Every structure is written in structure tokens, then in C-alpha cells.
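Chain by chain, the residues run as shown.
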Amino acid sequence: MLTTQGVITVTSTAPACSMKIVQGRDPLAQPTTLLFLGDIATMVFETEGGGRYDIFVSDCKVHDGSNEGIITLVDEFGCPGHRKLIGLTNYDNRIVPGRAFAYSHFKVFKFPDKDNVYFECRCHVCLGSCEKVCLKFK
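Owing to the predicted nature of the structure, the values given are computational and were not obtained by experimental measurement.

Trainee: Could you give me a rundown of the nonpolar core, with the residues and numbers involved?
Mentor: One finds Met43, Phe45, Cys60, Leu73, Val74, Ile86 and Phe106 to be the most contacted residues of the largest nonpolar core, which totals 17 residues. Put simply, the parts of the chain that give this core at least two residues each are strand E2 (40–48), strand E3 (53–63), strand E4 (71–74) and strand E6 (99–107). The element that contributes the greatest number of residues to this core is E3, accounting for four residues. Counting five residues, the second largest nonpolar core, distinct from the first, contains Val22, Ala29, Val44 and Tyr103.

Shown next, in the form of C-alpha cells:
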């Protein structure tokens, strides 16, 4: 007699990664939309997943809304594009149990003749842990 066993495949989607900008250096602070030139702010990324997921941030660009004055804050390897503007990305999964955080402190700036600064970043969500590849400043 031949016995067969069924294969059960479970699929799920990775949790979303959210981004916020906060005043000061506390990644748990409430998001803000009003900052003052020269102040310190923090770009924060977060994902939930019961501790099973990790995040890696890369390709952060800022622009003035017209995509003309594009500045790279974080490159494709997760390294700061301009150390005078932004620090290294900190990764921490102990701030809040079950959540993964990535955050970078930066000095608030703006583009000439523009009131808003637009941030666009890539947040990679990985099952287990992500490979953090920025070795440039280690």
C-alpha cells in the first residue's frame, strides 16, 4: 500500500514598512510636519511582525517637489550620502517588542525658494534578518 502525505503551503504577505519624521532624536516621538532650519530631526522606519521580520533602508532621496534638486541622503548600500546632513542608520528591534526600527538623525534643511522637502526611501522587509551592507563608515 502506498501512502501519500499532503503538502501544506502557507503564504503570507510581509508586513508594511512605515516612515515618519520626528523632531529631535527619539524614534518613538510623534510624527511632525513642521520643522525649523538647523534643528535635529529623525527619519524613522518601522515594521511589525512579532519579531520575525527585519528592515533595511536604502535609496533615500529628497527633492523639492519638482524632482530637479534631488539629494541622496542614503545610498543603495544603506550608507549616508552626505555625512554633513545625515548620520548612519541605526537598526534596533528592542525599542518595542515585536517591531523592527531603523532611524537616522539629520539636520533640518530646505531647498532655496521652496517651502517643502519631499522624502522618498526604499524600505526592505526581510524574514529573519536583513543583510546590512553599509561598510563605508564602519
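Moving on, there is more to tell.
Trainee: Help me get a handle on the sheet that holds E4, residues and values and all.
Mentor: Strand order in the open sheet made by the three strands is E4-E3-E7, with antiparallel pairing throughout. This sheet does not close on itself; its edge strands, each paired only once, are E4 and strand E7 (118–127). Adjacent strand axes in the sheet meet at a mean angle of 20°, parallel and antiparallel pairs treated alike. Direction of pairing for E3 relative to E7: antiparallel, over a ladder of nine bridges. Bridge pairing in E7 places Val62 opposite Phe119.

Trainee: Lay out the pairing of E6 in plain terms, naming residues and giving numbers.
Mentor: In terms of burial, E6 is largely enclosed, as seven of its nine residues are buried. Strand direction decides the pairing type here: E2 and E6, joined by nine bridges, are antiparallel. Opposite Val44, over in E6, you have Tyr103 as the bridge partner. Where strand E5 (residues 90–92) and E6 come together, three bridges link them in antiparallel fashion. Across the sheet, residue Tyr91 finds its bridge partner in E6, namely Ala102. Connecting E5 to the antiparallel partner E6 that follows it, the hairpin turn spans six residues, and Gly98 within it adopts a positive phi of roughly 85°.

Trainee: I'd like to hear about the sheet that holds strand E1 (residues 17–23), residue by residue, with values.
Mentor: Pairing is antiparallel in the open sheet, where four strands are placed in the order E1-E2-E6-E5. For this open sheet the edge positions go to E1 and E5, each flanked by a neighbour on one side alone. Across the sheet, the axes of successive neighbouring strands diverge by a mean angle of 20°, strand direction being ignored.

Trainee: Describe the layout of surface pockets, and please don't skip the residues or the numbers.
Mentor: Considered as a void within the structure, the largest pocket measures approximately 440 Å³ in volume. Thr33, Leu35, Asp115, Asn116 and Val117 are, among the 15 residues lining the largest pocket, the residues nearest its centre. Grouping the constituent residues of the lining of the largest pocket by class yields 10 nonpolar, three polar and two charged.

Trainee: Tell me about the pattern of salt bridges, and name the residues and values.
Mentor: Within the structure shown, the criterion is met by five salt bridges. Here Arg99 makes a salt bridge to Glu48, at a shortest N to O gap of 3.4 Å. With a gap of 51 residues between them, Arg99 in strand E6 and Glu48 in strand E2 connect regions that are remote in the sequence. The class of Arg99 is partly exposed, set by a relative accessible area of 30%. Across the salt bridge formed by Asp59 and Arg122, the nearest N and O atoms sit 3.6 Å from each other. On the criterion of sequence distance, the pair formed by Asp59 in strand E3 and Arg122 in strand E7 is long-range, its members being 63 residues apart.

Rules used throughout
- Residues numbered from 1 in each chain as written.
- Predicted model: local features only at pLDDT ≥ 70, side-chain atom pairs only at ≥ 80, totals over all residues.
- Heavy atoms only, no water.
- Core = buried A, V, L, I, M, F, W, Y, C linked by side-chain atoms within 4.5 Å.
- Buried < 20%, exposed > 50% of the residue type's maximum accessible area, 1.4 Å probe, protein only.
- Helix = DSSP H or I, 4+ residues; strand = E, 2+ residues; numbered from the N terminus.
- Pairing = 2+ DSSP bridges.
- Axes fitted to C-alpha atoms, helices over the stretch in contact; angles between N-to-C directions.
- 1 Å grid on protein atoms, 1.4 Å probe; cavity = no way out; pocket = protein on both sides within 12 Å on 5 of 7 lines; lining within 4 Å.
- Points joined across faces, edges and corners; volume = space filled by probe spheres on them.
- Nonpolar A, V, L, I, M, F, W, Y, C, P; charged D, E, K, R; others polar.
- Salt bridge = Lys/Arg side-chain N within 4 Å of Asp/Glu carboxyl O.

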